[in-house]
Amino acid sequence: MTCSSGNFYSANRDATCKVTAHGRQACTSSGTFTVPTGVRAINIHCTGGGQGGSGGGRHNSSDVYGGEGGNGGGTSYKNNISVSPGNVISIIVGAGGTAGTSSNIGGNGSDSYATFNGAKLVIATGGKNK
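So, a few notes on the structure that sits alongside this text. (Residues numbered from 1 in each chain as written. Predicted model: local features only at pLDDT ≥ 70, side-chain atom pairs only at ≥ 80, totals over all residues. Heavy atoms only, no water.)

As enumerated under the stated definition, the model contains zero aromatic pairs in all. Directly above the ring of tyrosine 113 sits lysine 120, whose terminal nitrogen or CZ lies 4.1 Å from the centroid. (Phe/Tyr/Trp six-rings, centres within 6.5 Å; stacked < 30°, edge-to-face > 60°. Lys NZ or Arg CZ within 6 Å of the ring centre and 35° of its normal.)

Below, the structure written as structure tokens:
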């Protein structure tokens, strides 16, 4: 908080404070984010789509194997990105990979990222088979 007498601390109860615009928005699908009035900086956190797991298990006369989980997507963030109210940021939410068939590995996950004026602000890679 920004206060008349400096930063707001729990012991400084007599300060007159002005609450700055703040909030949090989770994007679970691709789209756009318009910077609201009063916002001058944002933080962006991205997580890439996970790799699909392997398909159904396989077995022989003495062993049974279940399917395997896919690799998780990467994560990335950038804090204090300068913005102006009304700026429109494109958000791409990476999809998870498709499940594998039989004992095949699953498909790769897609990257997640945010762009402004054609420049990628932050990117998180999707889960991939190594």
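Picking up where we left off.
What follows deals with the sheet that holds strand 4 (residues 31–34). With antiparallel pairing, the four strands of this open sheet are ordered in space as 4-9-10-11. Of all strands in the sheet, those with a lone pairing partner are strand 4 and strand 11 (119–124), marking the two edges. Taken over all neighbouring pairs, the strand axes of this sheet differ in orientation by 20° on average, direction set aside. In the sheet, strand 10 (residues 112–116) pairs with strand 11 via five bridges, with the strands oriented antiparallel. Looking across to strand 11, one finds that serine 112 is bridged to alanine 124. (Pairing = 2+ DSSP bridges. Helix = DSSP H or I, 4+ residues; strand = E, 2+ residues; numbered from the N terminus. Axes fitted to C-alpha atoms, helices over the stretch in contact; angles between N-to-C directions.)

Now for the nonpolar core. Counting 13 residues, the largest nonpolar core has Val35, Ile42, Ile44, Val83, Ile89 and Ala114 as its most contacted members. Elements supplying a minimum of two residues to this core: strand 5 (41–47), strand 9 (88–92) and strand 11. If we ignore the near neighbours within four places in the chain, the residues touching alanine 114 are Ile44, Cys46, Ile89, Ser90, Ile91, Ala119, Lys120, Leu121 and Val122. (Core = buried A, V, L, I, M, F, W, Y, C linked by side-chain atoms within 4.5 Å. Buried < 20%, exposed > 50% of the residue type's maximum accessible area, 1.4 Å probe, protein only. Contact = heavy atoms within 4.5 Å.)

What follows concerns the environment of leucine 121. Positionally, leucine 121 belongs in strand 11. In this structure, the C-alpha to C-alpha distance between leucine 121 and isoleucine 89, residues 32 residues apart in sequence, is 9.2 Å. The contact partners of leucine 121, leaving out residues within four places of it in the chain, are Ile44, Lys78, Ile81, Ile89, Ala114, Thr115 and Phe116.

Let us look at the layout of surface pockets. Volume-wise, the largest pocket comes out at about 740 Å³. As for the largest pocket, its lining consists of 25 residues, and the residues nearest its centre are Arg24, Gln25, Asn43, Ile44 and His45. Looking at the lining of the largest pocket, the element that brings in the most residues is strand 5, giving seven residues. Looking at the lining of the largest pocket residue by residue, the class counts come to 16 nonpolar, eight polar and one charged. (1 Å grid on protein atoms, 1.4 Å probe; cavity = no way out; pocket = protein on both sides within 12 Å on 5 of 7 lines; lining within 4 Å. Points joined across faces, edges and corners; volume = space filled by probe spheres on them. Nonpolar A, V, L, I, M, F, W, Y, C, P; charged D, E, K, R; others polar.)

What follows covers unusual backbone geometry. With a phi angle near 55°, asparagine 80 is a residue other than glycine that sits in the positive phi range. Secondary-structure assignment places asparagine 80 in strand 8 (residues 75–82). In this structure asparagine 80 comes out as exposed when scored by relative accessible area, which is 62%. The phi torsion at asparagine 117 lies on the positive side, around 55°, for a residue other than glycine. If you trace the backbone, asparagine 117 turns up in the loop between strand 10 and strand 11.

This brings us to the side chain of serine 112. With respect to the secondary-structure elements, serine 112 resides in strand 10. Separated by 2.8 Å, the side chain of serine 112 and the backbone oxygen of threonine 47 make a polar contact. Filtering out sequence-adjacent residues up to four positions away, serine 112 remains in contact with Cys46, Thr47, Gly48, Gly49, Ile92, Val93, Gly94, Val122, Ile123 and Ala124. (Polar contact = N/O pair within 3.5 Å; in protein donor to acceptor, adjacent residues only side chain to side chain.)

Tracing the chain through its elements places threonine 115 in strand 10. Setting aside anything within four residues of it in sequence, one finds threonine 115 in contact with Ile89, Ser90, Lys120 and Leu121.

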